[in-house]
Amino acid sequence: MIRYEVVVVVREELRERFEAYFLTKHIPEILATGCFLEIRFDRADSGAFRTVYHAATRADLDRYLTEHTARFRADLARDFPEGLTPSREIWTEIKAWTV
C-alpha cells in the first residue's frame, strides 16, 4: 500500500473554515477520482491538519499526481490564498500488524 500524506499548518482564524472545506468539498472530490481506497483526515492539538491518502499501487498515486493535483491545488489556493503551510510525503508500507 502507498500512502500520500499531506500536513497543513493552518492559521488559527482559518481553521474552522479549512476543516469544513476539506470535509465537504476537497476530500470527497479527491475520493471521487478513484485513485485512492481510503482517505483519513486528522487534526492535531496544535491546529495542524493531516490528510492520509491510501492508494493500492504506486501507479494509482502517480495517476492522481499527474492528472489531478494541479486542479485541486489551484482550487485550494483560490479559496485559501494565504494562511496555509503544506508539506507532502509519500510513504510505502513495509508491514502492518493488527490485533
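Preceding this section is the structure that the text describes.
Residues numbered from 1 in each chain as written. Predicted model: local features only at pLDDT ≥ 70, side-chain atom pairs only at ≥ 80, totals over all residues. Heavy atoms only, no water.

Colleague: Can you break down the overall build of the protein chain residue by residue, with the values?
Modeller: For the protein chain, the helix and strand inventory stands at three helices and four strands. The secondary structure elements of the protein chain, listed N-terminal to C-terminal, are β-α-β-β-α-α-β. Taking 13 Å as the expected radius of gyration for a compact globule of 99 residues, we find that the protein chain reaches 14 Å, a close match to that expectation. Across its three principal axes, the protein chain shows a C-alpha extent of roughly 40 × 35 × 20 Å. Expressed as a percentage of the 99 residues in the protein chain, the buried residues total 34%. Pairs at least 24 apart in sequence give 73% of the contacts found in the protein chain among residues at least 6 apart. In the structure as shown, the protein chain presents an accessible area of about 6,400 Å², 53% of it carried by carbon and sulfur atoms. Charged side chains in the protein chain number 15 positive and 17 negative. The centres of these two groups are separated by 2 Å. (Helix = DSSP H or I, 4+ residues; strand = E, 2+ residues; numbered from the N terminus. Rg over C-alpha atoms; globule rule 2.2 N^0.38 Å. Buried < 20%, exposed > 50% of the residue type's maximum accessible area, 1.4 Å probe, protein only. Contact = heavy atoms within 4.5 Å. Areas by Shrake-Rupley, 256 points an atom, 1.4 Å probe, with all protein chains shown as cover. Lys, Arg positive; Asp, Glu negative; His and termini not counted. Charge placed at Lys NZ, Arg CZ, Asp CG, Glu CD.)

Colleague: Could you give me a rundown of the side chain of threonine 51, with the residues and numbers involved?
Modeller: Within the secondary structure, threonine 51 is located in strand β3 (residues 48-55). Taking relative accessible area as the criterion, threonine 51 reaches 2% and is therefore assigned buried. Dropping the residues within four chain positions of it, threonine 51 is found in contact with Tyr4, Glu5, Val6, Phe22, Ile27, Ile39, Arg40 and Phe41.

Colleague: Could you give me a rundown of the pairing of strand β1 (residues 2-10), with the residues and numbers involved?
Modeller: In this structure, β1 lies alongside β3, joined through eight bridges in antiparallel fashion. Considered in β3, the bridge of valine 7 is made with arginine 50. (Pairing = 2+ DSSP bridges.)

Colleague: Break down the packing of helix α1 (residues 15-31) against helix α3 (residues 69-79) for me, citing the residues and quoting the values.
Modeller: Angle between the axes and distance between the axes: these two values describe a pair of packed helices. Contact geometry of α1 with α3 gives a least axis separation of 12 Å together with a crossing angle of 160°. On the basis of their axis angle, the class for α1 and α3 is roughly antiparallel. The way α1 lies across α3 gives a crossing that is right-handed. Facing α1, whose interface residues are Arg17, Phe18, Tyr21, Phe22, Lys25, His26, Glu29 and Ile30, α3 presents Phe72, Asp75, Leu76 and Asp79. (Axes fitted to C-alpha atoms, helices over the stretch in contact; angles between N-to-C directions. Parallel < 35°, antiparallel > 145°, perpendicular 65-115°, else oblique. Left-handed = near helix turned anticlockwise from the far one by under 90°.)

Colleague: Run through the pattern of salt bridges, naming residues and quoting values.
Modeller: Under the defined criterion, the tally for this structure stands at eleven salt bridges. With a shortest N-O distance of 2.8 Å, arginine 50 and aspartate 42 are connected by a salt bridge. Take arginine 50: its relative accessible area is 36%, and that puts it in the partly exposed class. Overlapping salt bridges, with partners in common, bring together Arg11, Glu13 and Glu82 in one network. (Salt bridge = Lys/Arg side-chain N within 4 Å of Asp/Glu carboxyl O.)

Colleague: Which residues make up the environment of methionine 1, and what are the values?
Modeller: With respect to the helices, strands and loops of the structure, methionine 1 is situated in the segment before β1. Taking the C-alpha atoms as reference, methionine 1 lies 5.5 Å from glutamate 93; in sequence the two are 92 residues apart. Sequence-distant contacts of methionine 1, that is, excluding residues within four places in its chain, are made with Leu37, His54, Ala55, Ala56, Trp91, Thr92 and Glu93.

Just geometry here; none of it tells us what the structure is for.
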